[in-house]
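Analysis of the macromolecular model
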Amino acid sequence: MRLPGFGDKPVSQVTSHDVITILEPIWTSKPETSRKVRNGISKVMKWAMAQGYRSDNPAVDVITQALPKHGRAQHYQALPFSAIGAAIEKVRGTDAWAATNITLDRVHAAMLLQASGQSQALRNLLRAEQERGPDFLRLANALTALYPRDSEEKRLLDAMLLAAPR
C-alpha cells in the first residue's frame, strides 16, 4: 500500500521522521489542517497494523515529543442578536465586505437584517442588490423553496422578498 506524500515508500517503511517531514511545514501555521493530516496518516497506520504490515504507528509514537504543542483555540463571545444589524453595517464599510461578498453571504446578511428589525439597512441592501443583478433574488427564491414551510429561515426569506423593490 502507498500513501500520498510519501513517494513510492511502502507503508511498512514509513518512519516517524517521514511523518514529521510532512507535518512540520504546516504544524504551527495551520494547526487544524495539520491535526487532520496527522489523524489521516494515523488511521492508515492503524489499518496497516491491523493488516500485519507494521507493528507501530509513526504518526503517534514520537510526534508529540518532536513537534511543539498546538495552542488552544481562541473562542469569542457571540454577538448579541440586537447588535447584528449594526455589525453588518460596520463591516459593509470596510474592505472585508468586498472580500467576502458572495451572493449567499449577502442573502444571509439580508436575513439577519430582517431578523434584527434593521429595515432601513435591509432596504439599502435590497436596492443595491437590484442594481447588481438578478443573482441575489434568484438565490433567495431558491432558498425559500428549499426551507421547510414552518422554519424561521423561510419566514425571514419570505418577509425579505416581500420587502424587495419591484
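What counts, and where the lines are drawn
Residues numbered from 1 in each chain as written. Predicted model: local features only at pLDDT ≥ 70, side-chain atom pairs only at ≥ 80, totals over all residues. Heavy atoms only, no water. Helix = DSSP H or I, 4+ residues; strand = E, 2+ residues; numbered from the N terminus. Buried < 20%, exposed > 50% of the residue type's maximum accessible area, 1.4 Å probe, protein only. Contact = heavy atoms within 4.5 Å. Expected span 1.5 Å × (residues − 1). Axes fitted to C-alpha atoms, helices over the stretch in contact; angles between N-to-C directions. Parallel < 35°, antiparallel > 145°, perpendicular 65-115°, else oblique. Left-handed = near helix turned anticlockwise from the far one by under 90°. Core = buried A, V, L, I, M, F, W, Y, C linked by side-chain atoms within 4.5 Å. Salt bridge = Lys/Arg side-chain N within 4 Å of Asp/Glu carboxyl O.

**Re the overall build of the chain**
- Scanning the chain from terminus to terminus reveals 9 helices and 0 strands.
- Each helix and strand of the chain, ordered N terminal to C terminal, gives the series α-α-α-α-α-α-α-α-α.
- Principal-axis analysis of the C-alpha atoms places the extent of the chain at approximately 70 × 30 × 30 Å.
- Out of the 166 residues belonging to the chain, those deemed buried represent 33%.
- In the chain, the share of contacts with a sequence separation of at least 24, taken over all contacts with a separation of at least 6, comes to 55%.

**A look at the side chain of Glu 129**
- For Glu 129, the location among the structural elements is in helix H7 (residues 119–132).
- When sequence neighbours within four positions are dropped, the list of residues in contact with Glu 129 reads Arg 106 and Phe 136.

**So, helix H6 (residues 103–115)**
- Given a rise of 1.5 Å per residue, 13 residues ought to cover 18 Å, and the 18 Å separating the end C-alpha atoms of H6 matches this to within 8%.
- Turning to H6, its buried residues are Thr 103, Arg 106, Val 107, Ala 109, Ala 110, Met 111 and Leu 113.
- Among the residues trailing H6, Gly 117 stands out with phi positive, at a value near 75 degrees.

**What to know about the packing of H6 against helix H8 (residues 135–146)**
- At a closest axis distance of 9 Å, the pairing of H6 and H8 adopts a crossing angle of 70 degrees. As summarised for this structure, H6 and H8 are arranged roughly perpendicular, according to the angle between their axes. Between H6 and H8 lies a crossing of right-handed hand. Across the interface between the two elements, Thr 103, Leu 104, Arg 106, Val 107 and Ala 110 from H6 touch Asp 135, Phe 136, Leu 139, Ala 140 and Leu 143 from H8.

**Some words on the side chain of Ser 34**
- Along the chain, Ser 34 falls in helix H2 (residues 31–50).
- Setting aside its immediate chain neighbours within four residues, Ser 34 contacts Leu 23, Ile 26, Trp 27 and His 70.

**What about the nonpolar core?**
- Of all hydrophobic cores here, the largest spans 19 residues; its most connected members are Phe 136, Leu 157 and Met 160.
- Listing elements by their share of this core, those giving two or more residues are helix H4 (84–92), H6, H7, H8 and helix H9 (152–163).
- Tallying contributions element by element places H6 first for this core, with 5 residues.

**Some thoughts on the environment of Ile 88**
- Looking at the secondary structure, you find Ile 88 in helix H4.
- For Ile 88, a relative accessible area of 10% gives the class buried.
- Distance from Ile 88 to Leu 112, taken between C-alpha atoms, is 8.7 Å for residues 24 residues apart in sequence.

**Digging into the pattern of salt bridges**
- One pass over the full model with this rule turns up 7 salt bridges.
- Across the pair Arg 106 and Glu 129 runs a salt bridge whose closest N-O atoms are separated by 2.6 Å. Remark: Glu 129 occurs in helix H7 and Arg 106 occurs in helix H6; sequence separation between them is 23 residues.
- Among the residues examined, Glu 129 registers a relative accessible area of 5% and is labelled buried.
- For Asp 135, the salt bridge is made with Arg 138, and the minimal N-O distance between the two is 3.6 Å. Taken together, the residues Asp 135 and Arg 138, both in helix H8 and 3 residues apart, mark about one turn of the helix.
- Note on Asp 135: relative accessible area 43%, which makes it partly exposed.
- With relative accessibility at 53%, the residue Arg 138 sits in the exposed group.

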